[in-house]
Amino acid sequence: MRRRRRALADLDQDIRDHLERETQENIERGMSPGEARSAALRKFGNVGLIEEQTRAVWRRPWVDQLRQDLLFAFRILRRAPGFTAIAVLTLAVGIGLNTAVFSVVNSVLLRPLEYPHPERLVWLGEYDPAVHHDMVMLSDAAAWRTNTRSYNGVASYSFQQAVIATSRTAFPVAAVFADGDFWSLTGATPALGRRFSPDEQHGVVISWDLFQRQFGEDLHVVGSAVTVDGGASTITGVLPKNFRFQFPRWWIARHPEPIEAYLTLPPAEAQHRAGQVVGSLKPEVSISQAIAELESLQRSLHPPNASQPNSRATLHVEMLYDQLTSGARRALSVLLAAGGLLLLMVSVNIASLLLARAASRRRELAIRLAIGAGRFRALRQILVESLTLAFAGGAAGLLLARWTILLLARIGPASIPRLAEASIDLRVLAFTFCITLAAGILFGIAPGFVLWRTNLHDALKEGARGIGGLFGLRIRRVLVAGELALALLLLTGAGLLLASFLRMTARPAAFTPEKILTMKMRLPPARYSRAMQQRYRDELLRRLASIPGVEAAGISVQPMFCCAPAFPADSDPNQTHLLHQNFATPGYFRALGMELRKGRWLTDSDKDGVILLNESMAWEAFGSDDPIGRTLKTPQPKVVVGVLADLRYTKLDAHVVPEIFLPFDQPMMFLFDIAVRAPNLSGIPAAVRREMAAIDASLPPYDVKTLQEALADSISSQRFNLFLLGSFALSAFVLALVGIYGVVTYSVAARMREIGVRMALGAQRRNVIGMVVREGVTLGLAGIVAGLAASYSFTRLMTSLLYGVKASDPRIFAAASAILAVTVLFASWWPARRAASIEPVIALRDE
Amino acid sequence: MSTKDDAERIELLQGTLDLLILRTLAPGPAHGHAIAKTIERQSEDVLQVEQGSLYPALHRLIKRGWISADEGTSENNRRAKFYRLTAKGRRQLHVETTKWEKLARAIANVLKPAQEGSV
């Protein structure tokens, strides 16, 4: 392009130069100036023509033709604003939703971690079946770090809601205890100061945001003394602005806020705290070698016969990438597939509209062919037209995607890692470009093919008579049936998710989570001995109960590793059961509104040795026998005094786990779950905070929310999936409606004369209506049958996303089919009525 | 200017002009007018080149990368565009010359079969 401009820039000058020289020579040869000039011109030839020929050397014919095609395409599209608007709008929705989903996929699944050697990072976990995620005792993690040779480094981290206090102010932060080789694994280089070393104590590294927000970017903060949860510490460094905590965060559902402080792990904490562990494999070590080494180490640390509390936990080692994305991968691939289906439907729909237009444009095309346009050229014109349409839709889609991404990041569940980082980057743009191109070609092919086969002679003749004919209608019928099938597939998928969602949110009428306030608080073990703990607990309960309006208040703690092998004392000790242990004060049951099925409640006077079971546990351990008075070994023997109704009061997306409740008297546990019940919760949170500050101001409650909110948060990822798949299904449904309406209407218009003849010969209105509706219904049935077959084979891929409903649930299939069938009837009834109201005379004369 | 009658002049074969231009530029760069003159002179005015037709040919050669054009000053201190052979053009000149010689020999052989004495 540049070469061309440069070469042509002084062509004029060059030619003038040439002529002057020739003239000069002629003058020197003795001609008069005028004669010399005209001789030179004669010898040179036609200057204008030669300039034109020279320019032609540089011209690329396809560029010029493309420009022509584009201009023509614009003109055509402008001439049919209704069609263009519908096409661009549907494309924008299709492409926009796909782009948004892909940008999430890109951010969550495709972008590597921003840490050094992300491909070597491995997740070292022990799966705890009762809490459904991996936990490792930090003391174990330290042993792994010193006693293994497969890793360049092993880091452990555990979440901590901490309070940092300076001489002037105190504020809560989301923090992690970062132990082992945490800093070398993340590769963080502080913007100010330094990272703390693995053996250091009382060190704090803060994020740039915290540095800005709480310390006003005061450079003296590095090295300054602060207290963290009441303990003296020193801020050693400030992280750069772009550093992000990207390791898996199982706590993220409850704490989506970014990590703002990194703390050294106090030895007192390490004794009874569990956390997450990440290792960096040495380049020459395979993951299976690493697993083998860790397994043998773990066997020597915890000999299998010892009754360790975590003996039920199993090692779970995998590449960090897999661990990070495992939760989101299935859901995102389902959404991506659904998005693809939707775009396919959009394309099919536009192809169908284009086919209808192709009928009326046949004559125009025939004329162009007749006066000498090549068929390829004509085909290219059609393709350029559809691509123009596609890219207009693509551009609008990008705009829509920007909004959708913002929306997704807001409503999206925090449990999808790095969702908030989703944005339109180059890779997303490339994706959008590709799907736009694919869509454009896809819906350009059908009309192109039909026009390609156009018989010139017939087209011209027919055009003269002005009949559209049944041209391309057969292809359109197939397309619309396909569209219906796709819509049914999406509807079924969304229906299954909706059914799961309803199952999850269903609850007994007596359970009123909107009247229950929940929160957590944590006693720092370094400052709270057992006796102080007990005093704190009693004082807290007394103060909570004294708040006006509070009906009940209680505390429960759940040990990290809760799955002691439990079995009925009078049966086979090898038949153990997994269960969830929960130490609770009597007020806790009342606050949650639990129901007693049998036996009696726990009371304040109960000591260790008696337990309540939930129904699941009772059924699992004792079957249909009466469990009251029986003994359960955990392995200490406990006597069952009561059975509670099953209640999902923590996570809505998990089935009720077998659970036992123990009296809250002896545990050395520091993480309290507090529940407060009041008919009217307004004002209660402030009162609770006030009372807690009165006991120990450095220990504020966190995660203060109604149980309803907490439960809703626990299924935010299901809500997210439902929202997306639901909008796909809704769009698909509308498209199918438009599609079938369009085809039936068009076929009625094309058969106007036939209908007129029939009616003139005595056909009744209802015969005509029946005839038209029959056409729609035939199409609909074909689409529904195909859609059911497709749904049956594809919905099973969603199994892991469902709750309480089978992927092949016939009720959902039937409901989706029924919705679609009614739609088809409605969409064909309308044009049928119009057809039946034709005046035969007019229809016939119209010819 | 022309010293021969029109009847004696030969129209250029397609593509031959390109070869002539390349050959003319072989000794060194030249401006358009000089190229035209050289071709006329060296063909003893037998080859008829409408001088203007030189320009599309020159641009064709630039586009193919066989010659390049630079701004320069001519003998009488006037600005002019100078065309020069590129390395690629020089190779092409060699190829074209060989081809042309082969063709000329073949045609000559066809036209004078008797001298070979084959009958």
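Use the structure listed above.
Described in the following lines is the structure provided in the data block. Predicted model only: the values in this text are computed from it and were never measured.

Counting secondary structure elements, chain A contains 26 helices and 23 strands. Taking as baseline every contact in chain A between residues at least 6 positions apart, the subset at least 24 positions apart corresponds to 84%.

If you look at the interface, chain B gives 16 residues, while chain A gives 19 residues. Mapped by element, the contributors of at least two residues to the side of chain B that touches chain A are α2 (32-42), α3 (54-64) and β5 (79-85) of chain B. The leading source of residues in the side of chain B that touches chain A is α3(B), at 6 residues. Residues that form the side of chain B that touches chain A fall into these classes: 6 nonpolar, 6 polar and 4 charged.

We now examine unusual backbone geometry. All names here are of chain A. Positive phi, normally seen in glycine, also occurs at H117, with a value near 50°. As for its position among the elements, H117 is in the loop between α6 (81-110) and β1 (121-128). Residue class for H117 comes out partly exposed when judged on the 14 C-beta atoms lying within 10 Å of it. With a phi angle near 55°, E217 is a residue other than glycine that sits in the positive phi range. With 11 C-beta atoms counted inside 10 Å, the residue E217 sits in the exposed group.

A few words on the pairing of strand β9 (residues 231-238) of chain A. Residues and elements named next belong to chain A. Here strand β6 (residues 192-193) pairs with β9 via 2 bridges, running antiparallel. Pairing of G193 across the sheet is with G237, part of β9. In the sheet, strand β7 (residues 203-206) pairs with β9 via 4 bridges, with the strands oriented parallel. When the sheet's bridge partners are listed, V204 is paired in β9 with I235. Bridge count for strand β8 (residues 225-228) against β9 is 4 bridges, and the pairing is antiparallel.

Residues and elements named next belong to chain B. Overall, antiparallel pairing links the 3 strands, which are arranged β2-β5-β4 in an open sheet. In the strand order of this sheet, the two ends are held by β2 (30-31) and β4 (67-73), each with one partner. Bridge count between β4 and β5: 7 bridges; the pairing is antiparallel. Looking across to β5, one finds that A69 is bridged to Y83. Running at roughly 100° to β5, helix α1 (residues 16-25) makes contact with β2, β4 and β5 of the sheet.

This part takes up the packing of helix α5 (residues 61-79) of chain A against helix α13 (residues 375-411) of chain A. Residues and elements named next belong to chain A. In contact at an axis separation of 9 Å, α5 and α13 are set at 60° when each is read in the N-to-C sense. By crossing handedness, the relation of α5 to α13 is classed as right-handed. Contacts from D69, L70, F72, A73, F74, I76 and L77 of α5 reach α13 at R380, Q381, V384, E385, T388 and L389. Of the residues contributing to the contact of α5 with α13, the split by class is 8 nonpolar, 2 polar and 3 charged.

Conventions adopted
Residues numbered from 1 in each chain as written. Chains lettered and ligands numbered in written order. Predicted model: local features only at pLDDT ≥ 70, side-chain atom pairs only at ≥ 80, totals over all residues. Helix = DSSP H or I, 4+ residues; strand = E, 2+ residues; numbered from the N terminus. Contact = placed C-beta atoms within 7 Å. Nonpolar A, V, L, I, M, F, W, Y, C, P; charged D, E, K, R; others polar. Buried ≥ 20, exposed ≤ 12 C-beta atoms within 10 Å, placed from the backbone. Pairing = 2+ DSSP bridges. Axes fitted to C-alpha atoms, helices over the stretch in contact; angles between N-to-C directions. Left-handed = near helix turned anticlockwise from the far one by under 90°.

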